Amino acid sequence: MNKTLGSALIVAGTTIGAGMLALPLATAKLGFALSSLLLVVFALLAVKAAWMMIDHCIALAGPASLDALGRKAFGPMGRVLVALAMGMLYYALMAAYVSGSASLIGASLGFGQGLAALLASLVVGLLVMFSTQVVDISNRLLFSLKMVALALVIAGLMPSIDGASLSQGGVMPLAALPIIYTAFGYHGSLPTLVNYLEKDRQKLRLAITWGTLLPLALYLVWQAVVLGSLTPEALAATDGKLEVLIGALTHQQQGWLSQCIHLFADLALATSFLGVAVGMFDFLAALFNRQSSLAGRSQTALLTFIPPLAVALFYPNAFISALGFAALALAFMALVLPAVMSLQQKRHPEGALLLVAAALVFAAQLAG
């Protein structure tokens, strides 16, 4: 496969996941028009920030890495800041996915939140502990099935779109902004892509642009079919709960469509959960120098899964709020880091704009 196309698909695959399920929950009060405008704005912001980040990665003397960017921007303290941001991002995403998975499993099988969260963590934990190759093969299969299920869901819900429902909204809840921003959170993978494409700026920009436009198009269609097929009352009744949204979408739908909606939601969470879990596992193994033995991998697995499991147990329905906290870490890595480097080197005067955007995400999350 062409490496540029493959890189674009990596960007898109990293982006399209469980965060897509959160968009209608977070943007119900905004309505379709305003939420679509914000999605376009944040997509453009993501591309601009990514372009700036790859420029700084290309300028590094050795291989690109977030660690190297942190050291260049903030000196020796930069390594600590990047490690803390990565840890916060991974744990927040893990907490969101454990909570979301528990909600869907509990609703489908009639389990309590605690048992469902434990079951989800145990299944994913065993896969991650076994080997990265198993996760990779499982994720490819699940991702393919997810895209088929999404296509069927969109096709099935299209006839249910009501123009009156799409015209509702217009209220701007601040809490929606971090969720929308997190929906384009692929920037942690950029140093890997810079090395993969051998620091070719043109290929990297193409991969980033097309890898961002594909999720944006899918998000806009997803927003249209969800916000257009549910009444404002039904959206308000979800109260930010994923299982209630899925239940509302499947209510009075044909059997096959109802099953596809459930399948897509399950697969979206599963692929995101697997991808973040293996990244978290490797990050912690390297950070604490754990061996690849059974004992070492078991210790890393406990470090990976116990904290997010505890969040899911003690703070049920943490799906949306945990994604919001993930936005804080992402804003630091994808906005503050390249902006500081740009202002230091006077390479990108628009770096100040990224700082403003980061401040907005921080303020919206803390105020929400």
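Residues numbered from 1 in each chain as written. Predicted model: local features only at pLDDT ≥ 70, side-chain atom pairs only at ≥ 80, totals over all residues. Heavy atoms only, no water.

J.: What should I look at first to understand the overall build of the chain in this one?
T.: When helices and strands are tallied, the chain shows 17 helices and 0 strands. For the C-alpha atoms alone, the extent of the chain along its principal axes is close to 60 × 50 × 45 Å. Counting every position in the chain, which comprises 368 residues, the buried fraction comes to 51%. Within the chain, counting contacts between residues at least 6 apart in sequence, those at least 24 apart form 83% of the total. Of the roughly 15,700 Å² of accessible surface on the chain, 69% is carried by carbon and sulfur atoms. For the chain, the distance from the average position of its 17 positive side-chain charges to the average position of its 12 negative side-chain charges is 13 Å. (Helix = DSSP H or I, 4+ residues; strand = E, 2+ residues; numbered from the N terminus. Buried < 20%, exposed > 50% of the residue type's maximum accessible area, 1.4 Å probe, protein only. Contact = heavy atoms within 4.5 Å. Areas by Shrake-Rupley, 256 points an atom, 1.4 Å probe, with all protein chains shown as cover. Lys, Arg positive; Asp, Glu negative; His and termini not counted. Charge placed at Lys NZ, Arg CZ, Asp CG, Glu CD.)

J.: Is there a simple way to think about helix H17 (residues 351–367) in this case?
T.: Residue pairs three or four apart in sequence face the same way in an α-helix, which turns once every 3.6 residues. Between the first and last C-alpha of H17 there are 24 Å, a value that for 17 residues agrees with the 24 Å anticipated at 1.5 Å per step. Taken residue by residue, H17 has Gly351, Leu354, Ala357, Ala358, Val361, Ala364 and Gln365 as its buried positions. Along the long axis of H17, the arc covered by the buried residues comes to 140 degrees, so they all point the same way. Counted as exposed and oriented over 90 degrees from the buried face of H17: Leu353, Val356, Leu366 and Ala367. Where H17 is buried, its residues touch helix H3 (31–59), helix H9 (176–182) and helix H16 (319–345). (Expected span 1.5 Å × (residues − 1). Arc of directions from axis to C-beta.)

J.: Looking at this structure, how should I read unusual backbone geometry?
T.: Its identity is not glycine, yet Glu198 carries a phi of approximately 55 degrees, on the positive side. Looking at the element boundaries, Glu198 is found in the loop between helix H10 (190–196) and helix H11 (201–229). Positive phi is not limited to glycine here, since Asp239 has a value of about 50 degrees. Among the structural elements, Asp239 can be located in the loop between helix H12 (232–237) and helix H13 (242–250).

J.: Explain a nonpolar patch on the surface here, please?
T.: Residues Leu109, Phe111, Leu115, Leu118, Leu119 and Val123 make up a contiguous nonpolar surface patch of roughly 520 Å² in combined accessible area. Per-element tally for the nonpolar patch: the top contributor is helix H6 (residues 113–130), with 4 residues. With respect to the helices and strands, Leu109 occurs in helix H5 (residues 77–109). (Patch = residues over 30% accessible without salt bridge, like charges linked within 9 Å, V, L, I, M, F, W, Y side chains within 5 Å. Salt bridge = Lys/Arg side-chain N within 4 Å of Asp/Glu carboxyl O.)

J.: Just checking my understanding: could you explain the packing of aromatic side chains for this structure?
T.: The description of an aromatic ring pair uses the distance of the two centres, along with the angle that the planes make with each other. On inspection of all chains with the given rule, the structure shows 6 aromatic pairs. Look at Phe74 and Phe332: their rings are 6.0 Å apart centre to centre, the planes differ by 20 degrees, and that puts the pair in the stacked class. In this pair, Phe74 sits in helix H4 (residues 66–74) while Phe332 sits in helix H16, placing the two residues 258 residues apart along the sequence. Residue Phe74 is classed as partly exposed on the basis of its relative accessible area of 29%. With centroids separated by 6.3 Å and ring planes inclined at 55 degrees, the aromatic side chains of Phe273 and Phe305 adopt a geometry described as tilted. On the criterion of sequence distance, the pair formed by Phe273 in helix H14 (residues 255–287) and Phe305 in helix H15 (residues 294–314) is long-range, its members being 32 residues apart. Per residue, the accessibility class of Phe273 equals that of Phe305, and both read buried. (Phe/Tyr/Trp six-rings, centres within 6.5 Å; stacked < 30°, edge-to-face > 60°.)

J.: Sorry if this is basic, but what is going on with the packing of helix H2 (residues 19–27) against H11 here?
T.: Packed helices, taken two at a time, are described by the angle their axes make and the gap between the axes. The contact between H2 and H11 brings their axes to 10 Å, and the two run at 50 degrees. On the basis of the axis angle, H2 is oblique to H11. As H2 runs across H11, the sense of the crossing is right-handed. Here Met20, Leu21, Leu23, Pro24 and Thr27 of H2 come into contact with H11, specifically with Leu218, Tyr219, Trp222, Gln223, Val226 and Leu227. In the contact of H2 with H11, the residues fall into 9 nonpolar, 2 polar and no charged. (Axes fitted to C-alpha atoms, helices over the stretch in contact; angles between N-to-C directions. Parallel < 35°, antiparallel > 145°, perpendicular 65-115°, else oblique. Left-handed = near helix turned anticlockwise from the far one by under 90°. Nonpolar A, V, L, I, M, F, W, Y, C, P; charged D, E, K, R; others polar.)

J.: Whenever I open this one, the nonpolar core confuses me. Can you help?
T.: Most often, soluble globular proteins have nonpolar side chains that are buried together. Residues Tyr97, Trp222 and Phe319 are the most contacted members of the largest nonpolar core, which totals 126 residues. Ranked by residues supplied to this core, first place goes to H16 with 18 residues. Ignoring anything within four residues of it in the chain, the contact list for Phe319 reads Ala18, Leu21, Ala22, Ala96, Tyr97, Ser99, Gly100, Leu242 and Leu269. (Core = buried A, V, L, I, M, F, W, Y, C linked by side-chain atoms within 4.5 Å.)

J.: What's the story with the pattern of salt bridges in this structure? I'm lost.
T.: Side chains that carry opposite charge are capable of pairing whenever their charged atoms lie near each other. The final tally for this structure, using the stated rule, is 4 salt bridges. Across the pair Asp55 and Arg201 runs a salt bridge, and its minimum N-O distance is 2.7 Å. Note that Asp55 is positioned in helix H3 and Arg201 in helix H11, a separation of 146 residues in sequence. The class of Asp55 is buried, set by a relative accessible area of 3%. Residue class for Arg201 comes out partly exposed when judged on its relative accessible area of 35%. Here the residues in one salt-bridge network are Asp55, Arg201 and Arg205, joined through shared partners.

J.: Looking at this structure, how should I read the side chain of Thr182?
T.: Positionally, Thr182 belongs in helix H9. Setting aside residues up to four positions removed in sequence, Thr182 forms contacts with Leu323, Ala327 and Leu330.

J.: Help me understand the environment of Ala183, please; the structure alone is not making it clear to me.
T.: Looking at the secondary structure, you find Ala183 in the loop between H9 and H10. Take Ala183: its relative accessible area is 2%, and that puts it in the buried class. For the pair Ala183 and Leu213, spaced 30 residues apart in sequence, the C-alpha to C-alpha distance is 12 Å. Each residue touching Ala183, except ones within four places of it in the same chain, is listed here: Thr15, Leu23 and Tyr219.

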